[in-house]
Amino acid sequence: MEEKAFNAAVGRLIRETRTRVGLTQELLGRRAGLSRGSITNIEGGMQAPPLYRLVRIAAVLDVEPAALLPPLLPEEAVGLPARHAADVASVWSKADKLKDAHGQG
């Protein structure tokens, strides 16, 4: 998956989750420490949220950060820029640890 498609998929998942829980872009941004414009750009795939912000967005939406990532096999992360590949690997690792800690997975 190319970076642009990955960012668009992340944005789509954030938008779908945000609308499902009934938050506006303004409220999500305020609670996550971002502007409404940043949320608009993230949801439109024009801006990729840093890992810290992705985790904050997930917390506001009451989902695990991994729920906001498109299904991407570990070997597909090889084609991502190092910065994004490391972020994806970090989220997978944290999700696996959470699953193990809660007896799931």
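Residues numbered from 1 in each chain as written. Predicted model: local features only at pLDDT ≥ 70, side-chain atom pairs only at ≥ 80, totals over all residues. Heavy atoms only, no water.

1. Details of the overall build of the protein chain
Okay, so step 1: Broken down by element type, the protein chain carries 5 helices and 0 strands.
Okay, so step 2: Beginning at the N terminus, the succession of helices and strands in the protein chain can be written as α-α-α-α-α.
Okay, so step 3: Looking at the 105 residues of the protein chain, the share that counts as buried comes to 35%.
Okay, so step 4: Intrachain contacts of the protein chain at a sequence separation of at least 6 include 58% that bridge at least 24 residues.
Okay, so step 5: Total accessible area on the protein chain stands at roughly 6,200 Å², and carbon and sulfur atoms take up 54% of it. (Helix = DSSP H or I, 4+ residues; strand = E, 2+ residues; numbered from the N terminus. Buried < 20%, exposed > 50% of the residue type's maximum accessible area, 1.4 Å probe, protein only. Contact = heavy atoms within 4.5 Å. Areas by Shrake-Rupley, 256 points an atom, 1.4 Å probe, with all protein chains shown as cover.)

2. Considering the pattern of salt bridges
Okay, so step 1: Scanning all chains against the criterion turns up 2 salt bridges.
Okay, so step 2: For Arg18, the salt bridge identified is with Glu43, shortest N-O distance 2.6 Å. One end of the pair, Arg18, is in helix H1 (residues 3-21); the other, Glu43, is in helix H3 (residues 36-43), with 25 residues separating them in the sequence.
Okay, so step 3: One salt bridge connects Arg30 with Glu26, and the closest N-O pair in it is separated by 3.5 Å. Remark: Glu26 and Arg30 occur in helix H2 (residues 25-32); sequence separation between them is 4 residues, near one turn of the helix.
Okay, so step 4: A relative accessible area of 39% means that Glu26 is categorised as partly exposed. (Salt bridge = Lys/Arg side-chain N within 4 Å of Asp/Glu carboxyl O.)

3. Regarding H1
Okay, so step 1: Its 19 residues place the ends of H1 27 Å apart at the C-alpha level, agreeing with the 27 Å of an ideal helix rising 1.5 Å per residue.
Okay, so step 2: Those residues of H1 that fall on the buried side of the exposure criterion are Phe6, Asn7, Ala9, Val10, Gly11, Ile14, Thr17 and Arg18.
Okay, so step 3: Looking at the residues trailing H1, positive phi occurs at Gly22, about 80°. (Expected span 1.5 Å × (residues − 1).)

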